[in-house]
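Chain residues, written in single-letter form:
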Amino acid sequence: MKLLILIFSLLFSAVDEGYAQCGKNIRLTSSKTIHMDRNGIITRTEVERSVVEINELLITINVRDESKTECNIKSIECNWDIPFKKGKTLIKATITTGDGELKNVVLTIQGIDGQLFLLSEMEDQADKLVKVIIDTFEEGFK
């Protein structure tokens, strides 16, 4: 019986750790932006500083300290085997364009073999993907 309780405790803590990543404020910093088509063919690469801050309600994207964009989060799904090293977060959000139009965007934060990246896809521009390689991330900022 004690062994069974121990196994359930370990299993629950591993599952809880994977899903707990959704509830944390995070800041992702990147120095490289890759623009691709739907097939993953690179159309251009930019060396630029980008900062993405995510909390429970809002995503703030700041590129080159010049362009600041905000997205309202509609839903977040997390599945991390090893937090921010192996796994994925899928965020569905809305962005308001310069002319006031609401557009849907999907952001995917993924960790593969310890390398993090963020992939952005606008609903009405499914043939244009933006991928940023994450250099650093911080948890728990305010």
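Residues numbered from 1 in each chain as written. Predicted model: local features only at pLDDT ≥ 70, side-chain atom pairs only at ≥ 80, totals over all residues. Heavy atoms only, no water.

**Thoughts on the overall build of the chain**
Right, on to step 1. Helices and strands together make up the secondary structure of the chain, namely 1 helix and 8 strands.
Right, on to step 2. The N-to-C order of helical and strand elements in the chain reads α-β-β-β-β-β-β-β-β.
Right, on to step 3. Burial analysis of the chain (142 residues in total) assigns 32% to the buried set.
Right, on to step 4. Within the chain, counting contacts between residues at least 6 apart in sequence, those at least 24 apart form 39% of the total.
Right, on to step 5. Approximately 9,000 Å² of the chain is accessible, and the part contributed by carbon and sulfur atoms is 54%. (Helix = DSSP H or I, 4+ residues; strand = E, 2+ residues; numbered from the N terminus. Buried < 20%, exposed > 50% of the residue type's maximum accessible area, 1.4 Å probe, protein only. Contact = heavy atoms within 4.5 Å. Areas by Shrake-Rupley, 256 points an atom, 1.4 Å probe, with all protein chains shown as cover.)

**So, the pattern of salt bridges**
Right, on to step 1. All chains considered together, the criterion is met by 9 salt bridges.
Right, on to step 2. Of the charged contacts, one joins Glu138 and Arg27 as a salt bridge, the two residues approaching to 3.3 Å between their closest N and O atoms. One end of the pair, Glu138, is in strand β8 (residues 128–139); the other, Arg27, is in strand β1 (residues 26–37), with 111 residues separating them in the sequence.
Right, on to step 3. The partner of Lys103 in a salt bridge is Asp124, and the shortest N-O contact between them spans 2.4 Å. Of this pair, Lys103 sits in strand β6 (residues 102–112) while Asp124 sits in the loop between β7 (115–122) and β8, and the two are 21 residues apart along the sequence.
Right, on to step 4. According to the relative accessible area criterion, Asp124 is partly exposed, its value standing at 44%.
Right, on to step 5. In this structure, a network of salt bridges that share partners links the residues Arg27, Glu53 and Glu138. (Salt bridge = Lys/Arg side-chain N within 4 Å of Asp/Glu carboxyl O.)

**A look at the environment of Glu53**
Right, on to step 1. For Glu53, the position within the fold is in strand β2 (residues 42–54).
Right, on to step 2. Taking C-alpha positions, Glu53 is 6.4 Å from Leu28, a pair spaced 25 residues apart along the chain.
Right, on to step 3. A distance of 2.7 Å separates the side chain of Glu53 from the side chain of Arg27, its partner in a polar contact. (Polar contact = N/O pair within 3.5 Å; in protein donor to acceptor, adjacent residues only side chain to side chain.)

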